[in-house]
Amino acid sequence: MFEQAVQVSEAFRQSAHQMQGSLHMALKGCPECRTTQMIASPSLGTCEGCGSALVVLPRE
Ligand SMILES: [Zn+2]
């Protein structure tokens, strides 16, 4: 529980930095459903499918 909170916090910090540093859109995704979507807001939110906390995906 605590580790997940740390990961989400880290992901949030990274995505916020990316959005400030460039116009490149980052992707967020659900580690459970393997779904991805554009990060369109400062908060990652949770998966609509399973409720898991979304994580920032590395850009390819
Ligand atoms: Zn999910």
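Up top is the structure these notes are about.
So, here is what we can say about the structure in this document. Here the structure is a predicted model, which means the values were calculated and not measured. (Residues numbered from 1 in each chain as written. Predicted model: local features only at pLDDT ≥ 70, side-chain atom pairs only at ≥ 80, totals over all residues.)

For the rest of this paragraph, the subject is the overall build of the protein chain. Counting its secondary structure elements, the protein chain contains one helix and three strands. Reading the helices (α) and strands (β) of the protein chain from amino to carboxyl end gives α-β-β-β. Across the 60 residues of the protein chain, 10% fall into the buried class. Partitioning the intrachain contacts of the protein chain with sequence separation of at least 6 by distance along the chain shows that 40% fall at a separation of at least 24. (Helix = DSSP H or I, 4+ residues; strand = E, 2+ residues; numbered from the N terminus. Buried ≥ 20, exposed ≤ 12 C-beta atoms within 10 Å, placed from the backbone. Contact = placed C-beta atoms within 7 Å.)

What follows is about the sheet that holds strand E3 (residues 55–57). Spatially, the three strands line up as an open sheet ordered E2-E1-E3, and their pairing is antiparallel. The open sheet has two edge strands with one neighbour each: strand E2 (36–38) and E3. With strand direction ignored, the average angle separating the axes of adjacent strands in the sheet is 40°. The pairing of strand E1 (residues 27–29) with E3 spans three bridges and is antiparallel. Of the residues in E3, the one forming a bridge with Leu-27 is Leu-57. (Pairing = 2+ DSSP bridges. Axes fitted to C-alpha atoms, helices over the stretch in contact; angles between N-to-C directions.)

What follows concerns the environment of Pro-31. Within the secondary structure layout, Pro-31 lies in the loop between E1 and E2. A count of 15 C-beta atoms within 10 Å places Pro-31 in the partly exposed class. Put simply, Pro-31 and Val-56 are 25 residues apart on the chain and 9.8 Å apart in space, counted from C-alpha to C-alpha. Setting aside residues no more than four positions away along its own chain, Pro-31 makes contact with Ser-52 and Val-55.

Right, let's get into unusual backbone geometry. Even without glycine at this site, Arg-34 takes up a positive phi of about 65°. Locating Arg-34 in the fold gives a position in the loop between E1 and E2.

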